[in-house]
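Residues per chain, in single letters:
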Amino acid sequence: HPAHKHVAIVYRGGNIISTGFNHDECHAEVQALKKLWPDHHVGTTVLSIRMTAGGNIGMAKPCPDCEAYMRAAGVKKVTYSDHNGQMQKMRL
């Protein structure tokens, strides 16, 4: 995307097990989870970060559809960047 970059990292127990980025119509969180076997989703944490074209950290809170997808997949936590460049956490 010309205005920003958005990446999602799926990890469990400190180990990165998948990554994804916004591409066409697929959001980063969904793309990262689709690379894994469904039983590998359970108990994972997703880290979601957005970088603006100016190099600043932007809001990367998952959209309602991605949040529902992650909840159904068994993801237990999401950490995402906010508008102030701070990291926020949410439990699913």
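For the structure, check the block above.
Only a predicted model underlies this, so the values are computations on that prediction, with no experimental measurement involved.

(A) Structural detail: the overall build of the protein chain. A tally of regular secondary structure across the protein chain gives two helices and six strands. In terms of C-alpha radius of gyration, the protein chain reaches 12 Å, essentially the compact-globule figure of 12 Å for 92 residues. Across its three principal axes, the protein chain shows a C-alpha extent of roughly 40 × 25 × 25 Å. Put simply, the protein chain has 92 residues, and 38% of those count as buried.

(B) A look at the pattern of salt bridges. Summed over all chains, the structure comprises one salt bridge. Between Arg71 and Glu67 there is a salt bridge whose closest N-O contact spans 3.3 Å. Residue Arg71 and its partner Glu67 are located together in helix α2 (residues 64-73), separated by four residues, close to a single helical turn.

(C) Up close: the nonpolar core. Core analysis: the biggest nonpolar cluster contains 13 residues, and Val10, Leu33, Val46, Met70, Val75 and Val78 have the highest contact counts within it. Top element by residues in this core is helix α1 (residues 28-34). It accounts for three residues.

(D) Main features of the pairing of strand β2 (residues 15-21). As judged from the six bridges shared by strand β1 (residues 4-12) and β2, these two strands associate in the antiparallel manner. The residue bridging Ala8 from the neighbouring strand is Gly20, located in β2. Where β1 folds back onto β2 in an antiparallel hairpin, the turn is made up of two residues, including Gly13, whose phi is positive at roughly 60°.

(E) Representation of unusual backbone geometry. With phi around 55°, Asp24 is a residue other than glycine that occupies positive phi space. Secondary-structure assignment places Asp24 in the loop between β2 and α1. On the basis of relative accessible area, Asp24 is assigned to the exposed category, the value being 71%.

What counts and how
- As a convention, each chain's residues are numbered from 1 in the sequence order in which they are written.
- Under the rules for a predicted model, residues below a pLDDT of 70 receive no local features and side-chain atom pairs below 80 are neither given nor counted, while totals for whole chains, interfaces and linings still include all residues.
- Hydrogens and water are ignored here; the side-chain numbers use all heavy atoms of the structure.
- Helix and strand definitions follow DSSP, with helices as H or I runs of at least four residues and strands as E runs of at least two, each counted in order from the N terminus.
- To get the radius of gyration, use the C-alpha atoms; to get the globule rule, take the number of residues to the power 0.38 and multiply by 2.2 Å.
- Here's how the labels work: a residue is buried when its accessible area is under 20% of the maximum for its type, exposed when over 50%, partly exposed in between, all with a 1.4 Å probe on protein chains only.
- Salt bridges are defined by distance alone: a side-chain nitrogen of Lys or Arg within 4 Å of a carboxyl oxygen of Asp or Glu.
- What we call a nonpolar core is a set of buried Ala, Val, Leu, Ile, Met, Phe, Trp, Tyr and Cys residues that are connected through their side-chain atoms within 4.5 Å.
- For two strands to be treated as a pair, DSSP must find no fewer than two bridges joining them.

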